[in-house]
Amino acid sequence: MSEFHNRMSIEFTSLSENEAFARVVVAAFVSQLDPTLDELTDIKTVVSEAVTNAIIHGYDNRPDGMVAISAEINDDLVSIRVSDRGLGIADLEQARQPLYTSKPELERSGMGFTIMENFMDQMEVETVVGKGTTVTMTKRIESKKALFN
């Protein structure tokens, strides 16, 4: 059986209004795999979380940064990468703790990384202080498993 490969990438300004745009673009791209509604909701949620983190934490709500998203489909596996060239994360282990937020004044839940980890099959975070952060998340689309076996 031949493998199915496809990829896309976008880049946009670090404005909170672009979070919904990013969510819709990635959902539209992934929809070619005919995911379940739950799978699509999970993907939209993690994209929202990652983009919001980039804007609020990576760029400290400055509108002059750029957020990049790339997504790739390999058979039934979706990989999504969200990157910023912002502040980076000084203490990644602390930032990944449930309920931790560096912005309590913004009423942030501190659940972004936890949500990403729970809604996806795998999540990796690469960060360098002063250079930015990249979150890579992967999920197997169950509805397509039978087609590729």
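This text goes with the structure placed above it.
Read on for an overview of the structure. (Residues numbered from 1 in each chain as written. Predicted model: local features only at pLDDT ≥ 70, side-chain atom pairs only at ≥ 80, totals over all residues. Heavy atoms only, no water.)

## Quick look at the nonpolar core
Ranked by internal contacts, the top residues of the largest apolar core, which has 35 residues, are Val51, Ile69, Ile80 and Met137. Those elements giving two or more residues to this core turn out to be β1 (5-13), α1 (18-30), α2 (37-58), β2 (66-74), β3 (77-84), α4 (112-119), β4 (122-128) and β5 (132-140). Of the residues forming this core, the biggest block, eight residues, is contributed by α2. Excluding its chain neighbours within four sequence positions, the residues that come into contact with Ile69 are Met8, Ser9, Ile10, Phe12, Ala22, Val26, Val47, Val51, Ile80, Arg81 and Val82. (Core = buried A, V, L, I, M, F, W, Y, C linked by side-chain atoms within 4.5 Å. Buried < 20%, exposed > 50% of the residue type's maximum accessible area, 1.4 Å probe, protein only. Helix = DSSP H or I, 4+ residues; strand = E, 2+ residues; numbered from the N terminus. Contact = heavy atoms within 4.5 Å.)

## Considering the packing of aromatic side chains
The tally for this structure, following the rule as stated, stands at one aromatic pair. Each ring, one from Phe12 and one from Phe21, has its centre 6.0 Å from the other, and the planes form 90°; the classification is edge-to-face. A relative accessible area of 5% places Phe12 in the buried class. (Phe/Tyr/Trp six-rings, centres within 6.5 Å; stacked < 30°, edge-to-face > 60°.)

## Regarding the environment of Val78
Mapped onto the elements, Val78 comes out in strand β3. Note: C-alpha distance between Val78 and Thr138 (60 residues apart in sequence) is 5.5 Å. Apart from residues lying up to four places away in sequence, Val78 is in contact with Val30, Leu33, Glu72, Ile73, Met137, Thr138, Lys139 and Ile141.

## Thoughts on α2
Between its first and last C-alpha, α2 extends 30 Å over 22 residues, near the 32 Å set by a 1.5 Å rise per residue. Across the 22 residues that make up α2, a large majority, 16, are buried. Asp60 lies just past α2 and shows a positive phi near 50°. (Expected span 1.5 Å × (residues − 1).)

## Section: α4
Taken together, the buried positions of α4 are Gly112, Phe113, Thr114 and Met116. Looking at the buried positions of α4, the neighbouring elements they touch are α2, α3 (92-95), β4 and β5.

## Notes on the environment of Asp84
In this structure, Asp84 sits in strand β3. Residues within four places of Asp84 in sequence aside, it is in contact with Ala54, Gly58, Tyr59, Met66, Lys131, Gly132 and Thr133.

## Quick word on the pairing of β4
Here β4 pairs with β5 via seven bridges, running antiparallel. Bridging across to β5, Glu126 finds its partner in Thr134. (Pairing = 2+ DSSP bridges.)

## Description of the packing of α2 against α4
Where α2 meets α4, the closest approach of the two axes is 9 Å, and the angle between their N-to-C directions is 150°. Viewed along their axes, α2 and α4 adopt a mutual orientation that is roughly antiparallel. Both α2 and α4 take part in a crossing whose hand is left-handed. Residues Asp42, Thr45, Val46, Glu49, Ala50 and Asn53 of α2 pack against Gly112, Phe113, Ile115, Met116 and Phe119 of α4. Taken together, the residues that form the contact of α2 with α4 break down as six nonpolar, three polar and two charged. (Axes fitted to C-alpha atoms, helices over the stretch in contact; angles between N-to-C directions. Parallel < 35°, antiparallel > 145°, perpendicular 65-115°, else oblique. Left-handed = near helix turned anticlockwise from the far one by under 90°. Nonpolar A, V, L, I, M, F, W, Y, C, P; charged D, E, K, R; others polar.)

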